[in-house]
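# Descriptive analysis of the structure
Read off the chains here:
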Amino acid sequence: LAAFLLAAAAYVCWQAAHILFPQNVYETALPITISDTIEADGVLLFDETCISGSGNLGYLVSDGERVSAGTAVAELYTDANKAVLRQQLTQLTSQIDLLQRSQNTAATQLDGLLKERSGALYDLLDALDTAQYSDVDESTDAYLLALWITTGDTAGFADQIALLAQQAQTVQAQLGNPTQIAAPTTGYFVRAASSGRLNAGAADILAQSPEQLKAYLDSDPEMPLDGCVGKLVAGFSWQYAGACSAKQAEKLLGADGKPLRTAVEISFPGQSDAALRATVSEVTIDAEKDVARFVLQCNSINGDVLCLNHAHARISTGESTGLRVPAAAV
């Protein structure tokens, strides 16, 4: 009996030791995707043309909108009250257009319209959450359009449209025919209040050494568009000339020491979070002074990027997917 009790006690102690002092150490490993990024400072180089004009201005097109040569982009008013009238007229015209679109859309597929309404609401909330306020108006219109159709309110808008049209005619009469400023060429328009320009030409910037480019970026090279209504950017191709440390610049080089042949992604945190594909055209490294310059070529554009001149960029050269575990557990 003593031997049996001793064996049972030994077994219990052995099990307790394994529980309290396990031979295997466990760590929680979660799947994760990590981007190999470069933080850089640089300037965006566009093929741009300034549109001369000054005074009490009212804009007829929004930032990033593509216009043809001869299209009126702004109006010159004799007093500031005219600008208020133009804003009222624009709002009335937008409301009339939205109401007319709602009446011309049939609610034949209720399930689809309900999904559109939910999608429009989510888009509106996302735009507010990410501070992309330029998309708020479009998302709001889409949500109201889907809401009116699904609730059957479109039938009662005829009187409201007529009233808004009468108000628009009254405002138009008060506004008169102010002097219009037309776009000299075809391109993407950017208002003077939304952007600026660099105090050096693209050719001069691209000819700078890594140290010279770093000093140029530190000198605050952006200046306002004084005496201009705005600027026109021709085409959708642009360049980003940036400076970073020598170690980070090595990520832009392939195994052969030449610029990467694969595409990279560039974004501007806090200003334009949309990642745009680009290619590396130049990389020059000054290892002794721990500074490097590079040039990216991008063939896609949006309204937020068009407003930038001197901006910090985040460049992603690739992604790695795997399990994330503490280094001590490897």
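Before reading further, recall that the structure is shown in the block above.
This is a predicted model, so every value here is computed, not measured.

Our next topic: the overall build of the protein. Each helix and strand in the protein was counted, giving nine helices and 15 strands. Within the span of the protein, comprising 330 residues, buried residues form 32% of the whole. Here the analysis covers contacts within the protein between residues at least 6 apart in sequence; of these, 80% occur between residues at least 24 apart. Accessible surface, the protein as shown: approximately 19300 Å² in total, 53% of it carbon and sulfur.

With that settled, consider helix α7 (residues 210-218). Taken together, the buried positions of α7 are occupied by Pro210, Leu213, Tyr216 and Leu217. The buried residues of α7 occupy an angular sector of 125° when the element is viewed end-on, so they sit on one face. Within two residues after α7, Asp220 carries a phi angle of roughly 60°, on the positive side.

On a regular strand, one side chain projects to one face of the sheet and the next to the other, so that they alternate. Burial analysis of strand β10 (residues 228-233) places six of its six residues in the buried class, the great majority of the element. By the bridge criterion, five bridges tie strand β2 (residues 48-52) to β10 in an arrangement that is antiparallel. Considered in β10, the bridge of Glu48 is made with Val233. Relative to β10, strand β7 (residues 187-191) is paired through four bridges, and the arrangement is antiparallel. Within the sheet, the bridge partner assigned to Arg191 lies in β10 and is Gly230.

Turning next to the packing of aromatic side chains. Within the structure shown, the criterion is met by six aromatic pairs. Ring plane angle 35° and centroid distance 6.3 Å describe the contact between Tyr11 and Trp14, whose orientation is recorded as tilted. You can see Tyr11 and its partner Trp14 sitting in helix α1 (residues 2-20), three residues apart, about one turn around the helix. One aromatic cluster is present, formed by Phe46, Trp238, Tyr240, Phe268 and Phe294 through successive ring pairs. Against the face of Tyr188 rests Arg66, its NZ or CZ located 5.1 Å from the ring centre. Across the ring face of Tyr59, the terminal group of Arg191 is positioned such that the distance to the ring centre comes to 5.7 Å.

What counts, and at which threshold
- Residues numbered from 1 in each chain as written.
- Predicted model: local features only at pLDDT ≥ 70, side-chain atom pairs only at ≥ 80, totals over all residues.
- Heavy atoms only, no water.
- Helix = DSSP H or I, 4+ residues; strand = E, 2+ residues; numbered from the N terminus.
- Buried < 20%, exposed > 50% of the residue type's maximum accessible area, 1.4 Å probe, protein only.
- Contact = heavy atoms within 4.5 Å.
- Areas by Shrake-Rupley, 256 points an atom, 1.4 Å probe, with all protein chains shown as cover.
- Arc of directions from axis to C-beta.
- Pairing = 2+ DSSP bridges.
- Phe/Tyr/Trp six-rings, centres within 6.5 Å; stacked < 30°, edge-to-face > 60°.
- Lys NZ or Arg CZ within 6 Å of the ring centre and 35° of its normal.

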